[in-house]
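# Descriptive analysis of the structure
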Amino acid sequence: MRLAVLTSGGDCPGLNAVIRAVVRTASNEFGDTVVGYEDGWVGLMEDRRRDLYDDAEIDRILLRGGTILGTGRLHPDKFKAGLDTIKANMADAEVDALIAIGGEGTLKGAKWLSDNGIPVVGVPKTIDNDVNATDYTFGFDTAVSVATDAIDRLHTTAESHDRILIVEVMGRHVGWIALHAGMAGGAHYTVIPEVPFDIADITKAMERRFQMGEKYGIVCVAEGALPKEGTMDFEEGGVDQFGHQTFNGIGQVIGDEIKKRTGYDVRTTVLGHIQRGGTPTAYDRVLATRYGTHAARAAHNGQSGMCVALHGENIDLVPLEDAVGKLKVVPAKRYANAQALFG
């Protein structure tokens, strides 16, 4: 058989580990060959591909962040309009099944291709950990580790200068990174998209710290967090060319408001894309490798329309339809656990 693999959406630590596992499993277990499409769906439509061999080069990519195939985004309308082109390109490359590695948007595309007669196996990828039907996505552990390290470092400078430091982390619609990094790093308040915040509550928590003699504070904020209606003026972002919501820097807005209300010295740090880059953690390398191995086996065995997923300690196959359409949000009980530590 001949398998194809592509990476789509935002880059993420662990993508190369999946690619490596797909190539090595396909070659070692089945004698299959693998072709990689460059820059996600765009490369598939433009037939930009290269053969991937089980050699020293593919072996070493386990250590690298990013993706050797490149990644990108494609508007859903252009994607759907290119169905015939995609089928023709895969036929020309003699590809029997496609392994699509990506987040919820990519998996939606994979499901649509599967529904239209193209054998596809999905691999869930996102640092936000928001893909439904799996316990964890690779990249999340690395992002949390980066954010936690940043919070650890900010404690000392905040304490030295009697400052409140706002740390904005990724999390467009869910707050898993903020929740975990805030708890692991000992943040004094954590704000997530699932629970609209009251700026008065954050301000009171910071004032209480100063009154008790702590005289510094760390607030961890997910980029998609929003205030409770009527509690603070805030202009939401728009939508980009791919239909994704954009954001207006909620961390800075919260910091400015706390400074205005308290007079304390407040600074904001936006971690941004450094959470995506660099070497993946050991946990993410292992999870990504397990995903790649199981995806290659599923593709070879004709189990298309499925997505690999972590359930407890096991890697299972779930229908692609179970992985899309509903984001995995932070449960109220989990956030309540974090709230017990605020202040």
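Residues numbered from 1 in each chain as written. Predicted model: local features only at pLDDT ≥ 70, side-chain atom pairs only at ≥ 80, totals over all residues. Heavy atoms only, no water.

### Observations concerning the domain arrangement of the chain
We count it as follows: The split into domains, and so the bounds of each, comes from an automatic or database assignment of domains. By the convention used here, residues are in contact when the closest approach between their heavy atoms is within 4.5 Å. Throughout, buried area stands for the accessible area (probe radius 1.4 Å) lost by two parts on being put together, summed over both. A pairing counts as a salt bridge when a side-chain nitrogen of Lys or Arg comes within 4 Å of a carboxyl oxygen of Asp or Glu. Here a polar contact is taken to be a pair of N or O atoms separated by no more than 3.5 Å, where protein atoms must pair a possible hydrogen donor with a possible acceptor and residues adjacent in sequence count only if both atoms sit in side chains. Residues are sorted three ways: Asp, Glu, Lys and Arg are charged, Ala, Val, Leu, Ile, Met, Phe, Trp, Tyr, Cys and Pro are nonpolar, and all the rest, Gly among them, are polar.
Annotation of the chain at the domain level lists domain 1 (2-138 + 280-325) and domain 2 (141-277). Spacing between the C-alpha centres of domain 1 and domain 2 amounts to 33 Å. At the interface, 17 residues of domain 1 touch 17 residues of domain 2. The three residues of domain 1 that bury the most area against domain 2 are R73, I127 and D128, which together make up 41% of that side's buried surface. Seen at the junction of domain 1 and domain 2, the total is zero salt bridges. On inspection of domain 1 and its partner domain 2, the count reaches five residue pairs in polar contact (both at pLDDT 80 or more). Across the side of domain 1 that touches domain 2, the residue classes break down as eight nonpolar, four polar and five charged.

### Considering the sheet that holds strand β9 (residues 265-270)
Whether parallel or antiparallel, the strands of a sheet pair through hydrogen bonds between backbone atoms. Stated formally: Pairing between strands is defined by DSSP: at least two bridges between the two strands are required. The way it works is that DSSP assigns letters per residue, a run of H or I at least four long becomes a helix, a run of E at least two long becomes a strand, and they are numbered from the N terminus. Note on method: axes are straight lines fitted to C-alpha atoms, helices fitted across the in-contact stretch only, with angles between N-to-C directions ranging 0 to 180 degrees.
The parallel open sheet is built from four strands, whose spatial order is β7-β8-β6-β9. Taken across any chain shown, the strands that pair with only one partner, and hence form the sheet edges, are β7 (189-191) and β9. Ignoring which end each strand starts from, the neighbouring axes of this sheet average 20 degrees apart. In this structure, β7 lies alongside strand β8 (residues 217-222), joined through three bridges in parallel fashion. Residue pairing in the sheet places V191 in a bridge with V221 of β8. Most of the contacts of helix α7 (residues 140-161) go to strand β6 (residues 163-169), to which it runs at about 165 degrees, and overall it touches β6, β8 and β9. The strands touched by helix α10 (residues 250-262) are β6, β8 and β9; relative to β6, the strand with the most contacts, the crossing angle is about 160 degrees.

### So, the packing of α7 against helix α8 (residues 176-185)
The cut-off we apply is this: An angle counts as roughly parallel when it lies under 35 degrees, as roughly antiparallel when it exceeds 145, as roughly perpendicular when it falls between 65 and 115, and as oblique in every other case. Each crossing gets its hand from how the near helix is turned against the far one by less than a right angle, where anticlockwise is left-handed and clockwise is right-handed.
At a minimum axis separation of 8 Å, α7 and α8 run at an interaxial angle of 45 degrees. In terms of orientation, α7 and α8 fall into the oblique class. Our pair here, α7 against α8, has a crossing hand that is right-handed. Contacts from F140, A143, V144, A147, T148, I151, D152 and H155 of α7 reach α8 at W176, I177, H180, A181, G182, A184 and G185. Partitioned by chemical class, the residues of the contact of α7 with α8 number nine nonpolar, five polar and one charged.

### Describing the pattern of salt bridges
Just so we agree on the cut-off: Relative accessibility thresholds used throughout: buried, under 20% of the residue-type maximum; exposed, over 50%; partly exposed, between the two (1.4 Å probe, protein chains only).
In the structure shown here, the tally under the stated rule is 19 salt bridges. In this structure, E46 engages R48 in a salt bridge whose closest nitrogen and oxygen atoms are separated by 2.9 Å. Salt-bridge contacts for E257 lead to R261; the nearest nitrogen and oxygen are separated by 2.9 Å. Of this pair, E257 and R261 are both found in helix α10, four residues apart, which corresponds to roughly one turn of the helix. Exposure remark for E257: the relative accessible area of 13% places this residue in the buried category. R261 sits in the partly exposed class, given a relative accessible area of 38%. Here the residues in one salt-bridge network are E38, D39, E46, R48 and R50, joined through shared partners.

### A short note on the side chain of T7
Mapped onto the fold, T7 is located in strand β1 (residues 2-7). Here the side chain of T7 touches T67 through a polar contact of 3.0 Å, side chain to side chain. Setting aside its immediate chain neighbours within four residues, T7 contacts L15, I19, D39, G40, T67, L69, G70, T71, G72 and I101.

### Here's the deal with unusual backbone geometry
At A133, a residue that is not glycine, the phi angle is positive and equals roughly 75 degrees. For A133, the position within the fold is in the loop between β5 (120-124) and α7. Phi is positive for K215, which is not a glycine, with a value near 60 degrees. Looking at the element boundaries, K215 is found in the loop between α9 (199-211) and β8.

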